[in-house]
Amino acid sequence: MAGHSKWANIQHRKGRQDAARSKLFSKLAKEITVAAKMGDPDPDKNPRLRLAVKEAKGQSVPKDVIERAIKKSMGGDAENYDEIRYEGYGPNGVAVIVETMTDNKNRTASTVRSTFTKNGGNLGETGSVGFMFDRKGEVTYPASVGDADTVMMAAIEAGAEDVESSEEGHIIYCADTDLNEVSNALEQELGESESTKLIWKPTTTTELGLEDMQKLMKLVDALEDDDDVQRVTTNFEASDEVMSQL
């Protein structure tokens, strides 16, 4: 029975992972459709669409899903979405930014507020935590692309602002308005990136212990489970010991 139980757990976990992957693909496809509808359906003429396609490819979204999302933007039945940012607090005052894309503002506002409340957080006013973050462009590469000096030189040449290199890989930061140009220049030198996107980079962090981290993860998971939520950013900091216990 133990073997059967283990297999059931593995199957359950795989089912959850598949569901999460499907939801991620759906959100990335929505971003592509919106970007294409707002500008030109040709990624070479539309920087936002190019970045959306690049991020989707980095997350292994199939080519036909990307093409379908672009085609959908050209049809008369494509939904109109509003982009709304919500800001609030999680456990121990950790800052939380929630970026949404919705065709029903009232539904999304109600759901986000309810999710914060049910998971021990508080939804604040716009700007209540935004000052703790900078809007940046982020390009990531695997460690195999080269050593820290090689990547640093390529980043400087491309016009980036900062590089963080570790055994896991390289994270390159630039001004949000320069992301398209910087990522294109990096691609010429280092090849295709793992990920290229706009992020909220914390300027100040809040350290959390295990219990608060568990509460925060529950809040973030609940927010990300909402189809209207595109991404969630927090400014938590936790020790390696705490992270290993999660």
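Residues numbered from 1 in each chain as written. Predicted model: local features only at pLDDT ≥ 70, side-chain atom pairs only at ≥ 80, totals over all residues. Heavy atoms only, no water.

Engineer: Is there a simple way to think about helix H5 (residues 148–158) in this case?
Structural biologist: Since the α-helix packs 3.6 residues into each turn, any two residues three or four apart lie on the same face. For H5, the complete set of buried residues consists of Val-151, Ala-154, Ala-155 and Ala-158. All buried residues of H5 fall inside an arc of 100° around its axis, so they share one side. Residues of H5 that are exposed and point more than 90 degrees away from the buried face comprise Asp-149, Ile-156 and Glu-157. On its buried side, H5 packs onto strand E5 (162–165), strand E6 (169–175) and helix H6 (179–190). In the segment just after H5, Gly-159 is the residue with positive phi, at about 95°. (Buried < 20%, exposed > 50% of the residue type's maximum accessible area, 1.4 Å probe, protein only. Helix = DSSP H or I, 4+ residues; strand = E, 2+ residues; numbered from the N terminus. Arc of directions from axis to C-beta. Contact = heavy atoms within 4.5 Å.)

Engineer: Can you walk me through the domain arrangement of the chain in this structure?
Structural biologist: By a widespread convention, an interface's size corresponds to the accessible area lost as its parts come together. With domains assigned, the chain is organised as domain 1 (4–74), domain 2 (82–131 + 203–244) and domain 3 (134–202). Three residues stand out in domain 1 for area buried against domain 3, namely Leu-51, Lys-54 and Glu-55, and they jointly supply 64% of the buried area on that side. Joining domain 1 to domain 3, the criterion identifies two salt bridges. When the shortest N-O distance is used, the salt bridge between Glu-187 and Lys-54 registers 2.9 Å. (Domains from an automatic or database assignment. Buried area = accessible area lost by both parts, 1.4 Å probe. Salt bridge = Lys/Arg side-chain N within 4 Å of Asp/Glu carboxyl O.)

Engineer: Would you take a moment to explain the layout of surface pockets for this structure?
Structural biologist: If a probe the size of a water molecule is rolled over the atoms, the empty space left behind becomes visible. Of the pockets and cavities examined, the largest pocket occupies roughly 1300 Å³. Around the largest pocket, the lining is made up of 41 residues, and of these Leu-24, Glu-224, Gln-230, Arg-231 and Val-232 lie nearest the centre. Elements with a contribution of two residues or more to the lining of the largest pocket: helix H1 (2–38), helix H2 (47–58), strand E1 (82–89), strand E2 (95–102), strand E4 (133–142), strand E7 (195–202), helix H7 (210–224) and strand E9 (229–234). When residues in the lining of the largest pocket are grouped by element, the largest group, ten residues, is from H1. Here the residues of the lining of the largest pocket sort into 17 nonpolar, seven polar and 17 charged. (1 Å grid on protein atoms, 1.4 Å probe; cavity = no way out; pocket = protein on both sides within 12 Å on 5 of 7 lines; lining within 4 Å. Points joined across faces, edges and corners; volume = space filled by probe spheres on them. Nonpolar A, V, L, I, M, F, W, Y, C, P; charged D, E, K, R; others polar.)

Engineer: What am I meant to see in the UniProt feature "domain: TACO1/YebC-like second and third" (unreviewed entry) in the chain here?
Structural biologist: When the UniProt feature table is mapped onto this chain, "domain: TACO1/YebC-like second and third" (unreviewed entry) is found at residues 81–236. Taken end to end, residues 81–236 has its terminal C-alpha atoms 30 Å apart, with 33% of it in helix and 36% in strand. (UniProt positions renumbered as here; feature names shortened; annotations may be inferred.)

Engineer: When you look at the sheet that holds E4 in this model, what are you seeing that I'm missing?
Structural biologist: Sheet strands line up and pair through hydrogen bonds in the backbone, either parallel or antiparallel. The four strands lie next to each other as E5-E6-E4-E7, forming an open sheet whose pairing is antiparallel. Among the strands making up the open sheet, the edge pair consists of E5 and E7. Sheet twist, expressed as the mean angle between neighbouring strand axes with direction ignored, is 30°. Where E4 meets E6, seven bridges bridge the pair, whose relative direction is antiparallel. By the bridge assignment, Gly-137 is partnered in E6 with Cys-174. (Pairing = 2+ DSSP bridges. Axes fitted to C-alpha atoms, helices over the stretch in contact; angles between N-to-C directions.)

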